[in-house]
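A look at the structure
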Amino acid sequence: MLYNPARRDTALDMGLVWSVLLLLAIGLVMVYSASIAMADAERFTGFRSHYFLARHGIYLVVGVVAAFLAFKVPVQLWQRASPFLFMAGVGLLVLVIIPGIGREVNGARRWIALGPLTFQPSEVMKLLVVLYAADYTVRKAAFMDDLKKGFLPMFAVMFMVAGLLLREPDFGALVVVTTIAMGILFLGGLNWRLFVGLAVLLAGAFVVLIISSPYRLQRILGFMDPWADAYGKGYQLSHSLIAFGRGEWFGVGLGASVEKLFYLPEAHTDFLMAVIAEELGFVGVAGVITLFLFLVVRAFAVGRQATSLERYYAALVAQGIGIWISAQAFINMGVNMGLLPTKGLTLPFLSFGGTGIVMNCVAVAILLRIDFENRYLMKGGSL
């Protein structure tokens, strides 16, 4: 019998809930702060300074509603539906690269227009890869040491997804999706020799992709020494580093950032952390990192608890969500701080971006559902 979460005899993990709510609240405030100048200047906003705040607020409401609905779905149903959801996600990746359906911005075709809003299939695919890879690993548990039966089918599927993401192109999403799949396979018991061999092959493939693309190669060169061409390929990173330097320990004050005044491109999306660093300083950045660390630690703790209850699919989904959030947050922060090459990835729960916010909220809802069912089982219930 499927357990109904409407019964209130099992508590939620309020620490996890509050950490996510704090991240969403910080994101709402900082997106508004980082986008005021741009909203005032851009004609499409109607010269309304709260344009991006209003849109981000709508995305948050949609995300919370979607999270509430997702929490109602038992984990068993997510497992049964995961292959079909994954196929639907692949279909969306195909649709987005079709001219006339996919919307092109700055040379990339990553969005599907839905009236005044846009929808980004690659963000949906991150969650669907978590669900599908966990289901595949559980189904193929007996063949994780077998190259032909255990590894190659998943490799073929991910190769297809990688090809579609590169057609957009969305190299950042490809890195995150690959990290998720690799992490779940490893946690699911993939033979370590296969894992190491695949890691080497993937590293080589990424090097080839970078070298073969002048655009990506320029980003790597700009990352190595942004000050060598501070007005060219190093422009974005150099201004991000200036923002971090200006913030010092306690920041210049909320709303007082200079870099967001048309110096730092994508200040409200990919480089929101730089604005946080400038306005809130080291203390603000440390606070955000602490919240992410708590969230990821809790995700893996929920996964370990599910494993102890022999709920292996739920365990891999929880840990897969932890891998996704930690990998994307680490890459975004690394890019902002000049530790990694510039890549277009948003900061989970904080950056402006509708589909990303909604899918982050849904992922946390599934994580809470897994923890909810764990607690119920530990009290002697049955699903």
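This text follows the structure it describes.
Report follows, based on the coordinates. Counting of residues starts from 1 at the beginning of each chain's written sequence and follows it residue by residue. Residues qualify for local features only when their pLDDT is at least 70, as the model is predicted, and side-chain atom pairs are given and counted only at 80 or more; totals for whole chains, interfaces and linings, by contrast, use all residues. As a rule here, side-chain values come from all non-hydrogen atoms in the structure, and water together with hydrogens is ignored.

**Observations concerning the sheet that holds strand β1 (residues 102-105)**
Whether two strands pair comes down to DSSP finding at least two bridges between them. Runs of E in the DSSP output that reach at least two residues are strands. Runs of H or I that reach at least four are helices, and both are numbered from the N terminus. Spatially, 3 strands are ordered β1-β2-β3 in an open sheet, and the strand pairing comes out antiparallel. A strand with exactly one partner marks an edge of an open sheet, and here the two such strands are β1 and β3 (117-119). On average, each strand axis in the sheet is tilted by 55 degrees relative to the strand beside it, whichever way the strands run. Inspection of the sheet shows strand β2 (residues 108-114) paired to β3 by 3 bridges, in the antiparallel sense. To define axes, lines are fitted to C-alpha atoms, for helices over the stretch in contact only, and angles between the resulting N-to-C directions are given on a 0 to 180 degree scale.

**Digging into unusual backbone geometry**
With an omega of -10 degrees, the peptide bond running from E168 to P169 counts as cis. Along the polypeptide, P169 turns up in the loop between α5 (147-167) and α6 (171-187). In this structure, E266 takes a positive phi of about 55 degrees despite not being glycine. Along the chain, E266 falls in the loop between α9 (235-247) and α10 (272-308). With a phi angle near 70 degrees, F349 is a residue other than glycine that sits in the positive phi range. Mapped onto the fold, F349 is located in the loop between α11 (312-336) and α12 (354-378). The cut-offs for exposure are 20% and 50% of the maximum accessible area for each residue type, with area from a 1.4 Å probe on protein chains only; residues under the lower value are buried, those over the upper are exposed, and the others partly exposed. Using a relative accessible area of 0% as the deciding quantity, one classes F349 as buried.

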